[in-house]
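Letter by letter, the chains look like this.
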Amino acid sequence: TKIALDLRRCLRSRFNRNTCTKCLEACQSGALELQGRQVVFDAEKCTSCMQCTAVCPSDAFTGSIDFLPLLHVLAEKETALLSCEKGIGNYNHITMPCIGILAEPILAAMNSVTRGNGFIDVSRCAACVNGHCLKILHENMQTVINRTGEDGKIRLRYLFDKQLDLPSDEKGQRRSFLQLVKRTIADMGREAVSSHLSSQVETKDPHSKNPARNATVLQYALSIMPEERRIEREVLLSYFFSVSVSDQCDSCPTCTGMCPTGALKRKKENDRKHLTFTSANCSGCGLCVDFCRKKALTLKNGFSHKYGETVCREMGEWYSYKLT
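None of these values were measured; they are calculated from a predicted model.

1. Details of helix 10 (residues 230–237)
Thought 1: Counting buried residues in helix 10 gives 6 out of 8 residues, a clear majority hidden from the surface.
Thought 2: Of the residues making up helix 10, those classed as buried are Ile231, Glu232, Arg233, Val235, Leu236 and Leu237.
Thought 3: Structurally, helix 10 contributes buried residues whose contacts are with helix 5 (104–113), helix 6 (132–148) and helix 9 (213–224).

2. Some thoughts on the layout of surface pockets
Thought 1: The volume enclosed by the largest pocket comes to roughly 640 Å³.
Thought 2: For the largest pocket, the lining is made up of 28 residues, of which Lys22, Ala54, Val55, Pro105 and Asn214 are closest to its centre.
Thought 3: Only helix 3 (51–55), helix 5, helix 6 and helix 9 provide two or more residues apiece to the lining of the largest pocket.
Thought 4: When the residues that make up the lining of the largest pocket are grouped by side-chain class, the tally is 15 nonpolar, 8 polar and 5 charged.

3. Let's talk about the packing of aromatic side chains
Thought 1: Applying the stated criterion across every chain yields a total of 2 aromatic pairs.
Thought 2: Here the aromatic rings of Phe240 and Phe303 are separated by 6.2 Å at their centres, their planes lie at 85°, and the arrangement is edge-to-face. Here Phe240 is found in the loop between helix 10 and strand 9 (241–245), whereas its partner Phe303 is found in the loop between strand 12 (297–301) and strand 13 (321–322), with 63 residues between them in sequence.
Thought 3: In this arrangement the basic side chain of Arg147 is found over the ring face of Tyr239, its NZ or CZ atom lying 4.1 Å from the centre.

4. Regarding the sheet that holds strand 7 (residues 117–121)
Thought 1: An order of 6-5-7-8 is seen for the 4 strands of this open sheet, with the pairing classed as parallel. Among the strands making up the open sheet, the edge pair consists of strand 6 (94–96) and strand 8 (156–159). When strand polarity is set aside, the average angle formed by the axes of neighbouring strands in this sheet is 25°.
Thought 2: Sheet topology note: the strand 7/strand 8 ladder contains 4 bridges and is parallel. Looking at strand 8, one finds that Phe119 is bridged to Arg157.

5. Some points on the nonpolar core
Thought 1: In terms of nonpolar packing, the biggest core is built from 64 residues, with Leu102 and Met110 touching the most fellow members.
Thought 2: Residues in contact with Leu102, not counting those within four places in the same chain, are Phe67, Met96, Leu107, Met110, Ile120, Leu137 and Asn140.
Thought 3: With 13 residues, the next largest nonpolar core counts Cys288, Cys292, Ala296 and Leu297 among its residues.

6. Overview of the pairing of strand 3 (residues 38–41)
Thought 1: Judged from the 4 bridges that link them, strand 2 (residues 32–35) and strand 3 form a sheet pairing that is antiparallel. Across the sheet, residue Leu32 finds its bridge partner in strand 3, namely Phe41.
Thought 2: Counting the residues between successive antiparallel strands, the hairpin from strand 2 to strand 3 contains 2 residues, one of them, Gly36, with a positive phi of roughly 70°.

7. Quick word on the confidence of the model for the protein
The predicted coordinates ought not to be read in detail in places where the model reports low pLDDT.
Thought 1: With 76% of its residues at a pLDDT of 70 or more, the protein shows a mean pLDDT of 79.
Thought 2: This stretch, residues 162–204, has a pLDDT under 50; its non-local contacts, to residues over four places away or in other chains, come to 92 contacts.
Thought 3: Confidence over residues 306–317 falls short of pLDDT 50; this stretch has 24 contacts with residues more than four positions distant or in other chains.

8. As for helix 4 (residues 67–76)
Thought 1: Regarding helix 4, the residues found buried are Phe67, Pro69, Leu70, Leu71, Val73 and Leu74.
Thought 2: Between the side-chain oxygen at the start of helix 4 and the backbone nitrogen of Leu68 there is a gap of 3.2 Å, and the oxygen is on Asp66.

9. Thoughts on the environment of Phe291
Thought 1: Locating Phe291 in the fold gives a position in helix 12 (residues 287–291).
Thought 2: With near-sequence residues (within four places) excluded, Phe291 lies in contact with Phe15, Thr254 and Met258.

10. Some remarks on the environment of Cys259
Thought 1: Mapped onto the secondary structure, Cys259 falls in the loop between helix 11 (254–258) and strand 10 (264–269).
Thought 2: In this structure the C-alpha to C-alpha distance between Cys259 and Asn210, which are 49 residues apart in sequence, comes to 10.0 Å.

Procedures and definitions
- Residues numbered from 1 in each chain as written.
- Predicted model: local features only at pLDDT ≥ 70, side-chain atom pairs only at ≥ 80, totals over all residues.
- Heavy atoms only, no water.
- Buried < 20%, exposed > 50% of the residue type's maximum accessible area, 1.4 Å probe, protein only.
- Helix = DSSP H or I, 4+ residues; strand = E, 2+ residues; numbered from the N terminus.
- Contact = heavy atoms within 4.5 Å.
- 1 Å grid on protein atoms, 1.4 Å probe; cavity = no way out; pocket = protein on both sides within 12 Å on 5 of 7 lines; lining within 4 Å.
- Points joined across faces, edges and corners; volume = space filled by probe spheres on them.
- Nonpolar A, V, L, I, M, F, W, Y, C, P; charged D, E, K, R; others polar.
- Phe/Tyr/Trp six-rings, centres within 6.5 Å; stacked < 30°, edge-to-face > 60°.
- Lys NZ or Arg CZ within 6 Å of the ring centre and 35° of its normal.
- Pairing = 2+ DSSP bridges.
- Axes fitted to C-alpha atoms, helices over the stretch in contact; angles between N-to-C directions.
- Core = buried A, V, L, I, M, F, W, Y, C linked by side-chain atoms within 4.5 Å.
- pLDDT = per-residue confidence, 0-100.
- Polar contact = N/O pair within 3.5 Å; in protein donor to acceptor, adjacent residues only side chain to side chain.

Next up, the structure:
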């Protein structure tokens, strides 16, 4: 298996009243089960579909590729081909463990930076033990299409050996989303791929405040995507999260201590401590909301614009707004 579980990062381990079951619901191989309150991972049953890594909000599952070099290649090449390790082998292509790793925010980030056309090889998915990931990929891509709307553009397409029996709607057909394409992929320099791709396993310190993987990927995509892609930029911002507080908040340290990504922090200003929030670090796990004794925090989907945020072009310099 290419997957490892670090229980110290699991939301259930961080807060004893957390009821997250996303990984359990995503696993179809029976490799994950709940024993008491703890998630147990059986590596012998795992088929490495990577779905657990795609849905886990706290990055408790490791074994994913480094998406930042992948985005870099998509932004540089006029035509790019992505394939699992069982896919087409006669072309220079970007290899990933399984298409199940492509969560919806990741697909949106890939689409936003792709220079020309990006092809996802699904030619062998139907016959694979992880064939269920093909349906999930299609559902995620369909949601990205819906979020992008008529004014945006979808640059990712499937690459087939033969036509697969997948549902398609009128909008998907207009965008040639399920278009059958020939194996005439433009040259992708092997040296460019090998110099920018990485398949190393992430080794995060479970006790450190690491920004969420999806948030990091989205932030990097925003920093390298063409300026004129306004619709795609709005789509990426919709995958971030915003936090607001009520007057009940007294800036105690409980939520900042519980936050696994460092999105919530207490800062001292004029001899008074206040609470700040950085959207670019948040995973949307909701631990801060659940743990707040005064029920003063509210978590919402989407990046908050009411604070006058302008997306910075440099990574790590996103605006952190004051909550209290």
